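Here is what each chain is made of, one letter per residue.
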Amino acid sequence: MNAQPEPAEASAEQAQAAIAEEFAFFGDWTERYQYLIDLGRTLPPFPDELKRDEFKVSGCQSQVWLVPAGGAQRLDFRAISDSSIVSGLIALLLRVYSGRSAAEILATEPRFIEAIGLARHLSPTRTNGLASMLAKVKQYALEASA
């Protein structure tokens, strides 16, 4: 894989704060959903050869593939979904967790989910899928730090 760009924010916590600040600009959830969809469209191209069962996230209603690269010092993630809104959720997760050390990933709780109101506005199936994606990110970080 090609070298991954540096994360936009210096830490996962700063990324979460920036996400909360961005979502605060939107007055209602129609606008927030549109922003999520727009974020999903910014994901880099995802090669078909990486759409393998080993990278598929179970527990998601949509199809989601999450591919790790790197090690304990820095883990980068590539991911994609066949759902526009889920792709937006992926963009948020990558912003917080990709390009971080395994230790930082494991220590970072996804506070942005509550901060931007996702917990109250996602369907139960999307909430379960988001939890599955987070669990997979943490699993990869745990494996990298072993």
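Cut-offs and rules
Counting of residues starts from 1 at the beginning of each chain's written sequence and follows it residue by residue. Given that this is a predicted model, residues contribute local features only at a pLDDT of at least 70 and side-chain atom pairs are listed and counted only at 80 or more, while totals for whole chains, interfaces and linings are drawn from all residues. Side-chain descriptors were evaluated using all non-hydrogen atoms of the structure, hydrogens and water having been removed beforehand. Only runs of H or I of at least four residues qualify as helices and only runs of E of at least two qualify as strands under DSSP, and these elements are numbered from the N terminus. With the radius of gyration taken over C-alpha atoms, the globule rule is written as 2.2 Å times the number of residues to the power 0.38. Three labels apply to residues, based on accessible area from a 1.4 Å probe with only protein chains included: buried if under 20% of the type maximum, exposed if over 50%, partly exposed otherwise in between. Two N or O atoms form a polar contact when they lie within 3.5 Å of each other; inside protein one atom must be a possible hydrogen donor and the other a possible acceptor, and for residues adjacent in sequence the pair counts only when both atoms belong to side chains. What makes two residues a contact is simply this: any of their non-hydrogen atoms within 4.5 Å. In this scheme, a helix's expected span is set at 1.5 Å multiplied by one less than its residue total. Directions are taken from the helix axis to each C-beta atom, and the arc is the one they span. Basic side-chain nitrogens of Lys or Arg form a salt bridge, by our definition, when they fall within 4 Å of a carboxyl oxygen of Asp or Glu.

Draft legend 1. A look at the overall build of the chain. Looking only at helices and strands, the chain has 7 helices and 2 strands in total. Overall, the chain shows an N-to-C arrangement of helices and strands of α-α-β-β-α-α-α-α-α. In summary, the chain has a C-alpha radius of gyration of 14 Å against a globular reference of 15 Å for 146 residues, a match within 12%. Taken along the three principal axes of its C-alpha coordinates, the chain extends 40 × 30 × 25 Å.

Draft legend 2. Spotlight on the side chain of S132. Here S132 is to be found in helix α7 (residues 124-145). Judged by relative accessible area, which is 18%, S132 ranks as buried. Only 3.3 Å separates the side chain of S132 from the backbone oxygen of S58, close enough to count as a polar contact. Apart from residues lying up to four places away in sequence, S132 is in contact with V57, S58, G59 and C60.

Draft legend 3. Region of the structure containing helix α1 (residues 12-24). Its 13 residues place the ends of α1 19 Å apart at the C-alpha level, agreeing with the 18 Å of an ideal helix rising 1.5 Å per residue. Buried within α1 we find A12, A15, Q16, A18, I19 and F23. Along the axis of α1, the buried positions cluster into a sector of 165°, meaning they face one direction only. What points out from α1, more than 90 degrees from its buried face, is the exposed set E21 and A24. On its buried face, α1 is in contact with α2 (29-40), α3 (84-97), α4 (102-107) and α5 (112-115).

Draft legend 4. Highlighting the pattern of salt bridges. Evaluated as defined, the whole model comprises 9 salt bridges. Taking the shortest distance from any N to any O, the salt bridge between D76 and R74 comes out at 2.9 Å. Residues E109 and K138 are paired through a salt bridge, measuring 3.9 Å at the closest nitrogen-oxygen approach. Of this pair, E109 sits in the loop between α4 and α5 while K138 sits in helix α7, placing them 29 residues apart in sequence. When its relative accessible area of 44% is taken as the criterion, E109 is described as partly exposed. The class of K138 is buried, set by a relative accessible area of 17%. The structure contains a network of salt bridges with shared partners spanning E9, E22 and R95.

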